[in-house]
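# Coordinate inspection notes
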Amino acid sequence: PAKRRAAYAVYAFCRYADDYIDRAVAEGRGLDDAEEKLKGVLTDAFEGRGELPWMPAFWLTVHAYGIPRSEFEDLLHGVLKDRKPIRIRDWEE
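Source: prediction; values computed, not measured. (Residues numbered from 1 in each chain as written. Predicted model: local features only at pLDDT ≥ 70, side-chain atom pairs only at ≥ 80, totals over all residues. Heavy atoms only, no water.)

Among the nonpolar cores identified, the biggest contains 21 residues, and Phe13, Ile21, Leu38, Leu42, Trp54, Phe58 and Phe72 are the most heavily contacted of them. Listing elements by their share of this core, those giving two or more residues are helix 1 (2-26), helix 2 (31-46), helix 3 (55-64) and helix 4 (69-81). If one sorts the elements of this core by residue count, helix 2 sits on top with seven residues. (Core = buried A, V, L, I, M, F, W, Y, C linked by side-chain atoms within 4.5 Å. Buried < 20%, exposed > 50% of the residue type's maximum accessible area, 1.4 Å probe, protein only. Helix = DSSP H or I, 4+ residues; strand = E, 2+ residues; numbered from the N terminus.)

Take a look at the structure:
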């Protein structure tokens, strides 16, 4: 049960980040602004501040399990990269 709650806390951040980017794209907002906002949310979450409902559980989880911030920074990078057009030249690529 404790690991399940921890997984839910991590997933909450992942879901929040993905949904935030989806909304930014749908509304035509710049991804640079969205990236800065999400980095701020991540900083707040890692420092135990912020008002989003999932943040206390996230903070407890990353500290209890020693999850480095870099893992979430990589996730943000991937989510943002996924929103730009990707050109594939041929089937092999």
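This part takes up the pattern of salt bridges. Considering all chains together, one arrives at eight salt bridges under this definition. When salt bridges with common partners are traced through the structure, they connect Arg15, Asp18 and Asp19 into a single cluster. (Salt bridge = Lys/Arg side-chain N within 4 Å of Asp/Glu carboxyl O.)

A few words now on the packing of helix 1 against helix 4. Packed helices, taken two at a time, are described by the angle their axes make and the gap between the axes. Contact pair helix 1 / helix 4: the axes reach a minimum separation of 10 Å and the direction vectors enclose 30°. As summarised for this structure, helix 1 and helix 4 are arranged roughly parallel, according to the angle between their axes. The way helix 1 lies across helix 4 gives a crossing that is right-handed. Residues Val10, Phe13, Cys14, Ala17, Asp18 and Ile21 of helix 1 form the contact with helix 4, whose own contacting residues are Phe72, Leu75, Leu76, Val79 and Leu80. Here the contact of helix 1 with helix 4 is built from residues that sort into ten nonpolar, no polar and one charged. (Axes fitted to C-alpha atoms, helices over the stretch in contact; angles between N-to-C directions. Parallel < 35°, antiparallel > 145°, perpendicular 65-115°, else oblique. Left-handed = near helix turned anticlockwise from the far one by under 90°. Contact = heavy atoms within 4.5 Å. Nonpolar A, V, L, I, M, F, W, Y, C, P; charged D, E, K, R; others polar.)

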